[in-house]
Amino acid sequence: MARAFLIVLDSVGCGGAPDAAAFGDEGANTLLHIARACADGKAREGRSGPLFLPHLDRLGLGRAIELASGEQAPGLGARPEGLWGAATEVSQGKDTPSGHWELAGQPVPWDWTLFPDRQPAFPPELTEAICRLAGTEGILGNCHAAGLPVIARYCEEHRQSLWPICYTSADSVLQIAAHEEWFGLDRLIRLCEELAPILHSQRVGRVIARPFSGTCGATRRTPNRRDFAMAPPGPTLLDCVAEAGRATHAIGKIGDIFSMQGIGRLWKGASDADLFEHLVQLGGKAEEGSLTFANFVEFDTLYGHPRDVSGYARALERFDAALPRFFAQLRPGDLAIFTADHGNDPTWHGTEHTRERVPVLGYGPGAKSIGLCGFADVGASVARHLGLVLPGRGSSFL
Ligand SMILES: O=P(O)(O)O[C@H]1O[C@H](CO)[C@@H](O)[C@H]1O
Ligand SMILES: [Mn+2]
Ligand SMILES: [Mn+2]
């Protein structure tokens, strides 16, 4: 029986989304702009030269970028030896759950609730609920922000008052940062868990605990982040595989993104390097007929949001260089698909995700062009590869 590996490189988009302008993202292209910066010598911190991704490019990465956006990425464009194409999203959100759910066959049928970009960003009833559940007299932040600056800005007040630092973004999200020792990690996780059903009932997609440690001026976020996400709008690829009695393995934050629905075993780690080791191990030992679904988040969190082009290029090159160790574990008949959930162009303005198409690259079935497809077609194809049928929007390109 065949095995499938669905691997999401978080935020590694390739431009060309037909509705990018509606998101203020017309022209955004994560991979193209990183490749151009590298070729122009503008991404030289800890690396140099044109973007070097020989293994992904051999699958068809350069051609996928060109197909999605009409632009040639310098250094990429080898003749594809893998399955290659690009996918367009229909869900009206450029966030992580929307992207993953649609890849797994469930586009989001509703409009997410977003908080206004003003201070206070949260309605008084929500602030009261946070205070009641946290046992505090108030909250800090209450604004749109990126995580590192908002912690730096409110650290000292947080240390003195122990009020939680609450912020949001262009995503449908309430994020709460608090110090692991001063405020308490368990207390922060419990607070987010208790708030989640209230927020979910209002179509706010996620409550995220963002614990940090260290002293003010030298804080760092810890790996104990927890996302409490709404459940997907219906059964996904994971449910389909699990209900067929097959094993499902979730690497990284897949468990959080799918509210643990349809997930057999969880494989977590402190870094993407740790997660890659899980992927290599599962390449060797995942059961016949199983699905391994992985998310590599550092492209997004460490380099996309902070707009670090060199760092993003380094992370892509590191990932590419490690791929042969994973490929060496695969067996005849296996399928490994590499794709993404949205863009996060590190050359774009602001600090938010960017609406883009995403590459769809497959290792296993040999050279094959799939052209432009929908996100949901990825899930339908993985199901088909496993001999299953995923009901819903997608159709298989296999
Ligand atoms: O800057 P940080 O806190 O990482 O925020 C990011 O993390 C959130 C969830 O992925 C996104 O909405 C984005 O704003
Ligand atoms: Mn994401
Ligand atoms: Mn993100």
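Everything numeric here is computed off the predicted structure, so don't read it as measured data.

## Let's talk about the sheet that holds strand β11 (residues 291-296)
Reading across the sheet, the eight strands line up as β10-β9-β11-β1-β12-β13-β2-β14 and stay open at both edges, with mixed pairing between neighbours. Strands with a single pairing partner mark the edges of an open sheet, and in this sheet they are β10 (265-267) and β14 (368-374). Each neighbouring strand pair of the sheet contributes to a mean axis angle of 15°, computed without reference to strand direction. Relative to β11, strand β9 (residues 248-251) is paired through four bridges, and the arrangement is parallel. Each residue of the ladder has a partner; that of A250, found in β11, is F293. Here helix α13 (residues 375-385) sits on the sheet in contact with β1 (4-9), β2 (83-88), β11, β12 (335-339), β13 (358-363) and β14, set at roughly 130° to β14.

## Observations concerning empty space enclosed by the protein
The final tally for this structure, using the stated rule, is two cavities of 30 Å³ or more. Of the volumes computed, that of the largest cavity is approximately 70 Å³. If you go around the largest cavity, the residues you meet are L9, V12, L31, L53, L56, L61, L316, F338, T339, P359 and L361. Elements supplying a minimum of two residues to the lining of the largest cavity: β12 and β13. Among the residues making up the lining of the largest cavity, the classes are represented as ten nonpolar, one polar and no charged. Of the pockets and cavities examined, the second largest cavity occupies roughly 30 Å³. For the second largest cavity, the full set of lining residues is D95, P97, W112, D171, S172, G205 and R206.

## A word on the UniProt feature "binding site: Mn(2+) 2" (unreviewed entry) in the protein
The UniProt record marks D300, H305 and H353 with the feature "binding site: Mn(2+) 2" (unreviewed entry), using the residue numbering of this structure. For this annotated set, covering 54 residues, all C-alpha atoms fall within 8.3 Å of each other, a compact arrangement in space. Among the annotated residues just listed, those that line the largest pocket are D300, H305 and H353. Structurally, the position occupied by D300 is in helix α11 (residues 298-304). The class for D300 is buried, based on a relative accessible area of 5%. In this structure D300 touches D10, S11, H305, P306, H342, N344 and H353, once residues within four positions along its chain are discounted. Mapping H305 onto the fold places it in the loop between α11 and α12 (309-327). Among the residues examined, H305 registers a relative accessible area of 22% and is labelled partly exposed. Sequence-distant contacts of H305, defined by excluding residues within four places in its chain, comprise D300, N344, T351, E352 and H353.

## As for the layout of surface pockets
Within this model, the largest pocket holds a volume of roughly 1000 Å³. Lining the largest pocket are 40 residues; nearest its centre among them are R210, R221, R225, V297 and T301. Those elements giving two or more residues to the lining of the largest pocket turn out to be α6 (147-161), β5 (173-179), β6 (206-215), α10 (272-285) and α11. For the lining of the largest pocket, the class distribution of residues is 14 nonpolar, 13 polar and 13 charged. Size it by volume and the second largest pocket reaches roughly 240 Å³. Along the walls of the second largest pocket sit 13 residues, with D272, A273, F276, R318 and F319 positioned nearest its centre.

## Some points on the coordination of the manganese ion (ligand 2)
Ligation of the manganese ion (ligand 2) by protein atoms is provided by D10 (OD), D10 (OD), T96 (OG1), D341 (OD) and H342 (NE2), these donors lying 2.1 to 2.7 Å from the ion. Within one chain, the residues donating to the manganese ion (ligand 2) are spaced in sequence as D-x85-T-x244-D-H. Between the manganese ion (ligand 2) and the manganese ion (ligand 3) the interatomic distance amounts to 4.7 Å. On the criterion of sequence distance, the pair formed by T96 in helix α4 (residues 96-103) and D341 in the loop between β12 and β13 is long-range, its members being 245 residues apart.

Each value, and the rule that gives it
Residues numbered from 1 in each chain as written. Chains lettered and ligands numbered in written order. Predicted model: local features only at pLDDT ≥ 70, side-chain atom pairs only at ≥ 80, totals over all residues. Heavy atoms only, no water. Pairing = 2+ DSSP bridges. Helix = DSSP H or I, 4+ residues; strand = E, 2+ residues; numbered from the N terminus. Axes fitted to C-alpha atoms, helices over the stretch in contact; angles between N-to-C directions. Contact = heavy atoms within 4.5 Å. 1 Å grid on protein atoms, 1.4 Å probe; cavity = no way out; pocket = protein on both sides within 12 Å on 5 of 7 lines; lining within 4 Å. Points joined across faces, edges and corners; volume = space filled by probe spheres on them. Nonpolar A, V, L, I, M, F, W, Y, C, P; charged D, E, K, R; others polar. UniProt positions renumbered as here; feature names shortened; annotations may be inferred. Buried < 20%, exposed > 50% of the residue type's maximum accessible area, 1.4 Å probe, protein only. Donors = N, O, S within 2.8 Å, 3.2 Å for Na, K, Ca; no water.

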